[in-house]
Amino acid sequence: MERTFLAIKPDGVQRGLVGEIIRRFETKGFTLVGLKFLKPSRELAEAHYDVHRERPFFAGLVEFITSGPVVAMVWEGDGVIASARKIIGATNPLNAEPGTIRGDFGVNIGRNIIHGSDAPETAQKEVSLWFKEDELVDWQPDIMRWLHE
């Protein structure tokens, strides 16, 4: 089963959107296997955004993600990475379709509510960065047989 990393950013937490966002992934039929509520350290934020280290917006990304609490999650399911990206919507909420998280709730590119891994390699890296192996629960809801068999 494929896994992906999602994080509800400080703006999503502050606006009370955690339950709504989790509901969308549960309703889609994905399985939540890891969940944390934390204020990321600067070191964690810099490691997470390392791919952008040389870009002019790197400092702003780090500053924002460490500005308040984040809900870090690991979701599992067939095609969960690509599907999550569709549920999330375009990075810039101004370009995100209505019905997506960013289309419905995002304000601008700097306040776009949620992060989602963009590829299997990125997902694996991000999951291991934010979660220890023993913090992930290997389980399958009974409903999975109704969705996938």
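Keep in mind that this is a model prediction, so the values were computed, not measured.

Asks: Break down the pairing of strand E3 (residues 70-76) for me, citing the residues and quoting the values.
Replies: Burial of E3 is extensive: seven of the seven residues sit out of reach of the surface. Neither face of E3 is open: one carries Val70, Ala72, Val74 and Glu76, the other Val71, Met73 and Trp75, and all of them are buried. In this sheet, E3 lies alongside strand E1 (residues 3-8) in antiparallel orientation, the contact comprising six bridges. Bridging from a neighbouring strand, Thr4 pairs with Trp75 of E3. In this sheet, E3 lies alongside strand E2 (residues 31-38) in antiparallel orientation, the contact comprising seven bridges. In the sheet register, Lys36 faces E3, and the bridge partner there is Ala72.

Asks: Pulling in residues and values, what's your account of the UniProt feature "active site" (unreviewed entry) in the protein?
Replies: What UniProt calls "active site" (unreviewed entry) maps, in this numbering, to His115. In this fold, His115 is placed in strand E4 (residues 114-116). A relative accessible area of 15% places His115 in the buried class. Residue contacts for His115: discarding those within four places in its chain leaves Phe5, Leu6, Ala7, Lys9, His48, Ile88, Arg102 and Glu126.

Asks: Break down the UniProt feature "domain: Nucleoside diphosphate kinase-like" (unreviewed entry) in the protein for me, with residues and values.
Replies: When the UniProt feature table is mapped to this numbering, "domain: Nucleoside diphosphate kinase-like" (unreviewed entry) covers residues 1-138. Annotated as residues 1-138, this span is 41% helix and 17% strand, and its ends, taken at the C-alpha atoms, are 11 Å apart.

Asks: So what about the sheet that holds E4? Which residues, and what values?
Replies: What the four strands build is an open sheet, ordered E2-E3-E1-E4; its pairing is antiparallel. The sheet terminates laterally at E2 and E4, the two strands that pair on one side only. Neighbour-to-neighbour, the strand axes of the sheet open up by a mean angle of 15 degrees, direction not taken into account. Sitting on the sheet, helix H7 (residues 120-130) is in contact with E1, E2, E3 and E4, with an inclination near 60 degrees to E1.

Asks: I'd like a rundown of the pairing of E1, residues and numbers included.
Replies: For a regular strand, side chains alternate in direction, first toward one face of the sheet and then toward the other. E1 sits mainly inside the fold: five of its six residues count as buried. As judged from the three bridges shared by E1 and E4, these two strands associate in the antiparallel manner. Of the residues in E4, the one forming a bridge with Ile8 is Ile114.

Asks: Just give me the short version of the packing of aromatic side chains, but keep the residues and values in it.
Replies: Going through the model one piece at a time under the given rule, you end up with two aromatic pairs. Plain terms: the ring middles of Phe25 and Trp75 are 5.6 Å apart, the flat faces sit at 35 degrees to each other, and that makes the pair tilted. Pair noted here: Phe25 is in helix H2 (residues 18-28) and Trp75 is in strand E3, with a separation of 50 residues, a long-range link. Trp75 matches Phe25 in its accessibility class, with the two residues each being buried. Just above the ring of Phe131 sits the side chain of Lys36; from NZ or CZ to the centre is 5.0 Å.

Asks: Tell me about the nonpolar core, residues and numbers included.
Replies: It is characteristic of soluble globular proteins that their nonpolar side chains tend to be buried jointly. Formed by 21 residues in total, the largest nonpolar core has its most connected members in Ile21, Phe25, Trp75 and Ile101. Elements with a contribution of two residues or more to this core: E1, H2, E3, helix H5 (80-88) and helix H6 (101-105). At five residues, H5 tops the list of elements feeding residues into this core. Setting aside residues no more than four positions away along its own chain, Phe25 makes contact with Leu6, Phe30, Trp75, Ala84, Ile87, Ile88, Ile101 and Ile114. Val33, Tyr49, Ile65 and Trp130 belong to the second-largest nonpolar core, a separate cluster that totals 16 residues.

Criteria and cut-off values
Residues numbered from 1 in each chain as written. Predicted model: local features only at pLDDT ≥ 70, side-chain atom pairs only at ≥ 80, totals over all residues. Heavy atoms only, no water. Buried < 20%, exposed > 50% of the residue type's maximum accessible area, 1.4 Å probe, protein only. Helix = DSSP H or I, 4+ residues; strand = E, 2+ residues; numbered from the N terminus. Pairing = 2+ DSSP bridges. UniProt positions renumbered as here; feature names shortened; annotations may be inferred. Contact = heavy atoms within 4.5 Å. Axes fitted to C-alpha atoms, helices over the stretch in contact; angles between N-to-C directions. Phe/Tyr/Trp six-rings, centres within 6.5 Å; stacked < 30°, edge-to-face > 60°. Lys NZ or Arg CZ within 6 Å of the ring centre and 35° of its normal. Core = buried A, V, L, I, M, F, W, Y, C linked by side-chain atoms within 4.5 Å.

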